[in-house]
Amino acid sequence: MSYPTIKCGVSEMPVVGLGTWQSDPGVVGAAVETALSVGYRHIDCAHIYQNEQEIGAVFSKMFGKGDIKREDVFITSKLWNTFHRPEEVEVTCDVSLSDLQLDYLDLYLIHWPVSLQPGMGLLPMDENKVSILDSKAPTFAETWDALEKLVEAGKCKNIGLSNFNIAQIEEVLSFAKIKPANLQVESHPHLPNLELLEFCKKNGMSFVAYSPLGNPGSVFRKEDQANLLQDEDVLKIAQKHGVSAGQVLIRYQVDKGNAVIPKSVTPSRIEENLKVFGFSLDTGDMETLNNLYKKVGPKGYRTCSVLHWKHSPFYPFSAEL
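Residues numbered from 1 in each chain as written. Predicted model: local features only at pLDDT ≥ 70, side-chain atom pairs only at ≥ 80, totals over all residues. Heavy atoms only, no water.

Participant: Sorry, what's going on with the overall build of the protein chain here?
Facilitator: For the protein chain, the helix and strand inventory stands at ten helices and ten strands. Here the C-alpha atoms of the protein chain give a radius of gyration of 19 Å, agreeing with the 20 Å that 2.2 N^0.38 yields for 321 residues. In terms of its C-alpha atoms, the protein chain occupies a principal-axis envelope of roughly 55 × 50 × 40 Å. Within the protein chain, the fraction of its 321 residues that count as buried is 55%. Taking as baseline every contact in the protein chain between residues at least 6 positions apart, the subset at least 24 positions apart corresponds to 73%. Put simply, the protein chain shows about 13,800 Å² of open surface, and 51% of that area lies on carbon and sulfur atoms. (Helix = DSSP H or I, 4+ residues; strand = E, 2+ residues; numbered from the N terminus. Rg over C-alpha atoms; globule rule 2.2 N^0.38 Å. Buried < 20%, exposed > 50% of the residue type's maximum accessible area, 1.4 Å probe, protein only. Contact = heavy atoms within 4.5 Å. Areas by Shrake-Rupley, 256 points an atom, 1.4 Å probe, with all protein chains shown as cover.)

In C-alpha cells form, the structure reads like this:
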C-alpha cells in the first residue's frame, strides 16, 4: 500500500515517518525493521542520536532482500552543532552515509542554528557545565554553502533546516542558491507553530513535526507538564472517530498539510501510528486542537527548549524566554 506524500524540494516525502530520536541502541534497529515491514517509507535519523550504525545494518538487510527498494524510502539525517564549520560538513555527512550504509540522503538538515566547539565531543561543556560555543562562530552562509555542495556532489537530494526561527530562515533564504526544502520543528497542539507553518507554506518549504505526541517519555519534560495523550478534548475527538489519542495527534499534522515523525520502539504502536488514513479531522476538531495550547499558557509549551544553549546569539527560542 502506498501512503500520501508532500512535496519536499525535488522529492516526495511520505507524510508519516518513523522518528528515531531517543530510540536506544539495541532496540532502534528492530523498530526500523518493524516500520519498514508494516509499510513506513520515511525514516528520520540524525548523527547526534548515536544509533545510525544500527539503523544502517537494517537498511542493508532490508534493501538487500529486494522487497523494498532504496529509492522508495525517504531517509533524513542531520548535521550536528559541532560540525558547522564548512570544512567539517562533507566529512560529517560522509560519516552518516557510511553508518547508514547509503549512497545518498533524501534530506540533510542543519539540526540546530547553534554552533558548538568542535573537537570536544558532541556536547562540549566547561568545568561549570556550560555549553562551549564555537569560537569561530561560522555563519549560516558558510555552513549552507557547504550543504549546497553536498547536493551538487549527489550526496543529498534535498537540504533544509531544523529548529530555526522565522528570522533565521529568512537569513538563509536571502543568500541560498539552493533554497531550503524543509523545516523540521517540534509541533503538537500544545505548540502548534501556526505562524511558522504559514511562513513555510509561503516560501515553498515542507514542514515536518517532531514530538507530535508532546514527547510523553522524554527526559526534557517537566514534572508538571500536561499529557496530551490524556487531554479530555483529544480523548473526545478520539472517541468520536473510533481511534486512539495518538492517532488523533498524528492525523492533526497530516490534516495541516505536514509530515510527521512519531517515535516508538513498540511494534504495535509503530503499526498503529501509521493507521491514520481511514479518517480525517473536521473543522471543529482542528479548531479545538489549534487552541489547546491556551490551556498551558499564552505561548503554549515547548518540550525541547534546550535552555543550556540560551547564551548563544543563535539560540532560536529567545522570544519565549
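Participant: Would you take a moment to explain the layout of surface pockets for this structure?
Facilitator: Rolled over the atoms, a probe as big as a water molecule pinpoints where empty space is left. Approximately 500 Å³ is the volume found for the second largest pocket. Considering the residues around the second largest pocket, the lining is formed by 19 residues, among which N193, E195, L196, R302 and E320 are closest to the centre. Per element, the largest residue contribution to the lining of the second largest pocket is three residues, and it comes from helix α6 (residues 194–202). Its residues assigned to classes, the lining of the second largest pocket shows twelve nonpolar, three polar and four charged. (1 Å grid on protein atoms, 1.4 Å probe; cavity = no way out; pocket = protein on both sides within 12 Å on 5 of 7 lines; lining within 4 Å. Points joined across faces, edges and corners; volume = space filled by probe spheres on them. Nonpolar A, V, L, I, M, F, W, Y, C, P; charged D, E, K, R; others polar.)

Participant: It is not clear to me how the environment of E152 should be interpreted in this structure. Could you clarify?
Facilitator: You can see E152 is positioned in helix α4 (residues 140–152). As a C-alpha pair, E152 and I178 span 26 residues in sequence and 9.9 Å in three-dimensional space.

Participant: Is there a simple way to think about the packing of helix α7 (residues 232–241) against helix α10 (residues 283–290) in this case?
Facilitator: Angle between the axes and distance between the axes: these two values describe a pair of packed helices. Interaxial distance between α7 and α10 falls to 10 Å at its minimum, and their mutual angle equals 160°. Looking at the two axes, α7 sits roughly antiparallel to α10. Classified by chirality, the crossing of α10 by α7 is left-handed. Between α7, through D233, V234, I237, K240 and H241, and α10, the contact on the second element is made entirely by D285, T288 and L289. Tallied by class, residues from the contact of α7 with α10 come to three nonpolar, two polar and three charged. (Axes fitted to C-alpha atoms, helices over the stretch in contact; angles between N-to-C directions. Parallel < 35°, antiparallel > 145°, perpendicular 65-115°, else oblique. Left-handed = near helix turned anticlockwise from the far one by under 90°.)

Participant: What is the right way to look at the packing of helix α1 (residues 28–38) against helix α2 (residues 52–65) in this model?
Facilitator: The contact between α1 and α2 brings their axes to 8 Å, and the two run at 35°. When you trace α1 past α2, the crossing you get is right-handed. Residue-level inspection shows V28, G29, V32, E33, L36 and S37 of α1 in contact with α2, the latter providing E54, I55, V58, F59, K61 and M62. For the contact of α1 with α2, a count of residues per class yields seven nonpolar, two polar and three charged.

Participant: What should I look at first to understand the sheet that holds strand β6 (residues 107–110) in this one?
Facilitator: Two modes of strand pairing occur in sheets, parallel and antiparallel, and in both the strands are linked by backbone hydrogen bonds. Ordered by their spatial adjacency, eight strands build an open sheet running β3-β4-β5-β6-β7-β8-β9-β10, and the pairing between neighbours is parallel. Here the strands that pair on one side only, and so sit at the sheet edges, are β3 (18–19) and β10 (259–260). Pairing of strand β9 (residues 206–210) with β10, which is carried by two bridges, proceeds in the parallel orientation. Of the residues in β10, the one forming a bridge with V208 is A259. (Pairing = 2+ DSSP bridges.)

Participant: Whenever I open this one, α6 confuses me. Can you help?
Facilitator: In an α-helix, one full turn covers 3.6 residues, which means residues spaced three or four apart are oriented alike. Within α6, burial applies to L196, L197, F199 and C200. What you see down the axis of α6 is that its buried residues fit within an arc of 160°, all on one side. Exposed residues lying more than 90 degrees from the buried face of α6 are E195 and K202. Just downstream of α6 lies G204, where phi reads positive at about 70°. (Arc of directions from axis to C-beta.)

Participant: What should I look at first to understand the packing of aromatic side chains in this one?
Facilitator: The relation between two aromatic rings is expressed through the spacing of the ring centres and the mutual angle of the planes. Following the criterion strictly, the structure yields nine aromatic pairs and no others. Look at F59 and F63: their rings are 5.5 Å apart centre to centre, the planes differ by 10°, and that puts the pair in the stacked class. Taken together, the positions of F59 and F63, both in helix α2 and four residues apart, correspond to about one turn of that helix. Judged by its relative accessible area of 0%, F59 falls in the buried class. Geometrically, the ring pair formed by Y315 and F317 is edge-to-face, given 5.7 Å between the ring centres and 80° between the ring planes. Ring pairs connect the aromatic residues W80, W112, W309, Y315 and F317, which therefore count as one cluster. Sitting over the ring of Y104, R70 keeps its end group 4.0 Å from the ring centre. A cation over an aromatic ring shows up here: R302 above the ring of F317, its NZ or CZ 3.6 Å from the ring centre. (Phe/Tyr/Trp six-rings, centres within 6.5 Å; stacked < 30°, edge-to-face > 60°. Lys NZ or Arg CZ within 6 Å of the ring centre and 35° of its normal.)

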